[in-house]
Amino acid sequence: MNEKLTLSYEVPADDFTRAGEASGSVKGMLKKMGVAPDIVRRVAIAMYEGEINMVIHAHGGTINVTISPEEIEMVLKDEGPGIEDIELALQPGFSTAPDNIRALGFGAGMGLLNMKKNSDEMVIDSTVGVGTTVTMKVYIK
Amino acid sequence: MTVKEFINLGIFEIVSEGSNPDRKITVPYCCDLLSIAMGRMPAGAAWVTVMSNVNTLAVASLTDAALIILAEGSVMSDEAVSKAKEKGITVLAAKLPVFEAALRVYKELNA
Ligand SMILES: Nc1ncnc2c1ncn2[C@@H]1O[C@H](COP(=O)(O)OP(=O)(O)O)[C@@H](O)[C@H]1O
Ligand SMILES: [Mg+2]
């Protein structure tokens, strides 16, 4: 694995049945490439949480994943409402998810924290009314 | 104990047999909030939950759970059952409350 591999996914709006397809696909790919299980798991968790957030909070978006020998970079971009207070959004338990979403088992307010914990670098770039881009990196070595 | 050995005990009803019979079960794990399960569930867990939608399957698969046990008589939609079968995820079901279902797993793992 010497060169970079780029994967792109569309995350559909409001479709919970398909959320997890992108992260599942990346997981399968990394596994096949022989990446260590612990790293694969961290990427899968971080990416799924990001994917779910795009579905719940931002009417979907796009995910670009770049796999290189050193790291896995995930860029999750949406044109949703944006995050007003990122510090607050990162607090465990903070969630604006409505009741129908909670009934599905989401909205625990742990997603961004899970993403941060499972990645080695995470940058959230968000503008209210414009959208959110979350960039996460997981180091392979 | 492997998934197959556990299924063969016949304690729980089989919803989807799964395609990983030799997978080792590490520990029972209980939680219904998907993000908490996502963050905390150990790999190889027997995940006991009342959440029975397709997202439960996604979380189980992404966290490398060994199997899902639906407790409290929780029922999966036909759509979710098909998806579990398609993805080879083991799903069992029980009328037992979450704690008692997990306790059964614990006892069998430590027998
Ligand atoms: N992509 C996004 N676009 C807009 N808001 C978001 C996005 N991701 C997260 N948020 C906001 O941050 C909050 C916390 O997110 P998270 O920790 O994943 O918890 P949860 O998704 O369970 O609400 C969300 O409730 C929402 O208000
Ligand atoms: Mg979330």
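The model shown is predicted, which means the values in this text are computed figures rather than measured ones.

A.B. asks: Which parts of the structure should I look at to understand the pairing of strand β3 (residues 45–49) of chain B?
C.D. replies: Within a regular strand, side chains alternate between the sheet's two faces. Residue and element names in this part refer to chain B. A large share of β3 lies buried, amounting to five of its five residues. Here β3 shows no split at all, with A45, W47 and T49 on one side and A46 and V48 on the other all buried. Sheet analysis places strand β2 (residues 27–30) next to β3, joined by four bridges and oriented parallel. Note that in β3 the partner of C30 across the bridge is V48. Each parallel crossover has a hand, and for β2 linked through helix α2 (residues 34–40) to β3 it is right-handed. In this structure, β3 lies alongside strand β4 (residues 67–70), joined through four bridges in parallel fashion.

A.B. asks: What's the story with the pattern of salt bridges in this structure? I'm lost.
C.D. replies: Oppositely charged side chains can pair when the atoms bearing their charge come close. All names here are of chain A. Taken as a whole and assessed by the stated rule, the structure comprises four salt bridges over all chains. A salt bridge links K137 to E71; the nearest nitrogen and oxygen atoms lie 3.7 Å apart. Remark: E71 occurs in strand β3 (residues 71–78) and K137 occurs in strand β5 (residues 131–139); sequence separation between them is 66 residues.

A.B. asks: Quick question: what am I supposed to make of the sheet that holds strand β1 (residues 5–11) of chain A here?
C.D. replies: The strands making up a sheet associate through hydrogen bonds between their backbones, and the pairing can be parallel or antiparallel. All names here are of chain A. With antiparallel pairing, five strands are arranged side by side in an open sheet as β1-β2-β3-β5-β4. Looking at the sheet topology across the chains shown, the edges are occupied by β1 and β4 (121–127). Averaged over all pairs of adjacent strands, the angle between strand axes in this sheet comes to 10°, irrespective of strand direction. Contacts from helix α5 (residues 111–118) reach β4 and β5 within the one sheet, and its direction differs from that of β4 by about 140°.

Rules used in this analysis
Residues numbered from 1 in each chain as written. Chains lettered and ligands numbered in written order. Predicted model: local features only at pLDDT ≥ 70, side-chain atom pairs only at ≥ 80, totals over all residues. Heavy atoms only, no water. Buried < 20%, exposed > 50% of the residue type's maximum accessible area, 1.4 Å probe, protein only. Helix = DSSP H or I, 4+ residues; strand = E, 2+ residues; numbered from the N terminus. Pairing = 2+ DSSP bridges. Right-handed = clockwise from strand over helix to strand, strands pointing away. Salt bridge = Lys/Arg side-chain N within 4 Å of Asp/Glu carboxyl O. Axes fitted to C-alpha atoms, helices over the stretch in contact; angles between N-to-C directions. Contact = heavy atoms within 4.5 Å.

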